[in-house]
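# Structure at a glance
Below, each chain spelled out in residue letters.
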Amino acid sequence: MVLASGGFEWDAMRRSRHFPWPFDYISSPHTNEGDAHRMAEAIGARLAHMDQALITGALPALYEGQRYGLSVFFQYEHNVILVNRHGERLTNEFTFNLGEMLDEREYPQGPPAHLPAWLISDVRLLWRAPLVLACAVRNPGWLRRAATLEALTQRLGLPSESLTRSVARFNQFCRQGVDEDFHREQSVSHANGDRRFHVGLRAIQRGPFIAVPFNSTYLATKWGPRTDEFGRVVHQNGAVIPGLFCAGVAMANPIGSRAVGAGTTLGPNLTWGYICGRTLAQQARGKPPIPLAEET
Ligand SMILES: Cc1cc2nc3c(=O)[nH]c(=O)nc-3n(C[C@H](O)[C@H](O)[C@H](O)COP(=O)(O)OP(=O)(O)OC[C@H]3O[C@@H](n4cnc5c(N)ncnc54)[C@H](O)[C@@H]3O)c2cc1C
């Protein structure tokens, strides 16, 4: 049997045990309730990575009548910065790995260090990103706006003057053409890789100023049974559990919460699916599994 039932993000009880803090949305099929995890746990499988997940920011949407996080790259615009709950800019906003930043903890397995986080921009974001505008119209109260940065700071409950300081510093970098804090001028947006339109720095200066919530949305949890190199589930006592395999995000995912690029999860998922299939084919022939390194 190959366990491949996805993550456990729709199992409210387990989610609240391993991720016991507010989140924005879940983006995966609501059938991903951790059935494989329960079965593996019941027979003593060795489990790992319980508090890790593929995380991103997302737009509010409805899918089959349920609240859903639309995971699109709306954040890669050059007049946008990402600030944390102190109103401080967090990172190079064009990095692929924003999810790991959102998931950064105050201490191991503790609460998120930066949330709630906000994308700060000005009215021109709405002209450039019609999807954000549409979400704002459909979801009153989701996007915060104010005529001045001071007023926006108050609306978000951030420390006084924090946004004014962060935006002024960013705008100074825009004038220089060099982001001294995170060197965003060297990045290409992942939205479409078009250097002319998506690279770089543009000042945030034309009111009204806006803040878009950018918190944890779960695409897939990474907790699950550990396997050996042939995809066979390992028992807590170290032995292989006969006949039990695991692939996809149901397994203890080797990359954890980090996003290393397009295919961060699909790549390992396909690879482990292939490994499981190959081991099973060998087993059916009555032959030992072949190590991946010996692939011809
Ligand atoms: C919006 C979104 C965007 C993403 N973008 C990317 C990306 O760009 N790059 C990337 O690498 N990854 C991306 N991911 C993550 C990637 O899609 C998932 O990690 C991947 O689909 C997981 O594959 P899987 O087969 O392990 O699980 P899933 O694709 O979730 O499939 C699990 C299946 O098992 C079914 N199931 C559950 N319980 C049972 C049961 N008891 N019996 C039978 N069936 C059951 C579920 O219905 C589901 O169909 C994205 C995810 C989302 C949600």
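Residues numbered from 1 in each chain as written. Predicted model: local features only at pLDDT ≥ 70, side-chain atom pairs only at ≥ 80, totals over all residues. Heavy atoms only, no water.

## Digging into the sheet that holds strand 9 (residues 144–146)
Basically, it comes down to this: Strands are treated as partners if at least two bridges between them are detected by DSSP. Helix and strand assignments follow DSSP, with helices taken as H or I runs no shorter than four residues and strands as E runs no shorter than two, numbered in order from the N terminus. Fitted lines through C-alpha atoms give the axes, limited to the stretch in contact for helices. The angle between two N-to-C directions lies from 0 to 180 degrees. Note on definitions: a residue-residue contact is assigned when non-hydrogen atoms from the two residues lie within 4.5 Å.
Taken in spatial order, the four strands of this open sheet run 7-8-10-9, and their pairing is antiparallel. For this open sheet the edge positions go to strand 7 (81–83) and strand 9, each flanked by a neighbour on one side alone. Each neighbouring strand pair of the sheet contributes to a mean axis angle of 25°, computed without reference to strand direction. Packing of helix 6 (residues 149–156) onto the sheet brings it into contact with strand 8 (118–122), strand 9 and strand 10 (209–213), and relative to strand 9 it is tilted by some 145°.

## Regarding the pairing of strand 6 (residues 66–70)
Pairing of strand 5 (residues 59–63) with strand 6, which is carried by five bridges, proceeds in the antiparallel orientation. Across the sheet, Leu59 pairs through a bridge with Leu70, a residue of strand 6. Linking strand 5 to strand 6, which pair antiparallel, is a turn of two residues; within it Glu64 sits at a positive phi near 50°.

## Observations concerning helix 9 (residues 266–284)
Note the cut-off: Expected helix span is computed as 1.5 Å times (number of residues minus one). Partly exposed residues are those whose accessible area sits between 20% and 50% of the maximum for their type, while under 20% is buried and over 50% is exposed, using a 1.4 Å probe and protein chains only.
Across its 19 residues, helix 9 extends 27 Å between first and last C-alpha, which sits within 8% of the 27 Å expected from 1.5 Å per residue. Listing the buried residues of helix 9 in full gives Pro268, Asn269, Trp272, Ile275, Cys276, Arg278, Thr279 and Gln282. Buried-residue contacts for helix 9 involve strand 1 (2–3), strand 13 (232–234) and strand 14 (240–246). Gly286 sits one or two residues past helix 9 and shows a positive phi near 75°.

## Notes on the site of the ligand
Applied cut-off: In these notes, residues near a molecule or strand are those with any non-hydrogen atom within 4 Å of it. Side-chain atoms alone can form a polar contact between residues adjacent in sequence; in general such a contact is a pair of N or O atoms within 3.5 Å, and within protein one must be able to donate a hydrogen while the other accepts it. Per-residue and other accessible areas follow the Shrake-Rupley method at a 1.4 Å probe size, with only the shown protein chains counted as cover for residues. Residues were grouped as follows: Ala, Val, Leu, Ile, Met, Phe, Trp, Tyr, Cys and Pro as nonpolar; Asp, Glu, Lys and Arg as charged; and all remaining residues, including Gly, as polar.
With respect to spatial proximity, 18 residues lie near the ligand, and among them Thr31, Asn32, Asp35, Thr265 and Leu266 are the closest. For the ligand, an oxygen atom lies 2.6 Å from a polar atom in the side chain of Thr31. Contact between the ligand and Gly263: an oxygen atom at 3.4 Å from a main-chain N or O atom of the residue. In the complex, 60% of the free accessible area of the ligand, which totals 1,000 Å², lies under the protein chains. Classifying every residue of the shell around the ligand by side-chain character gives five nonpolar, 12 polar and one charged.

## Remarks on the pairing of strand 10
Most of strand 10 is tucked away: five of the five residues are buried. Residues Phe209, Ala211 and Pro213 of strand 10 are buried on one face, and the alternating residues Ile210 and Val212, pointing to the opposite face, are buried as well. Note: strand 8 against strand 10, five bridges, orientation antiparallel. Each bridged residue has a counterpart across the sheet, and for Ser121 the counterpart in strand 10 is Ile210. Here strand 9 pairs with strand 10 via three bridges, running antiparallel.

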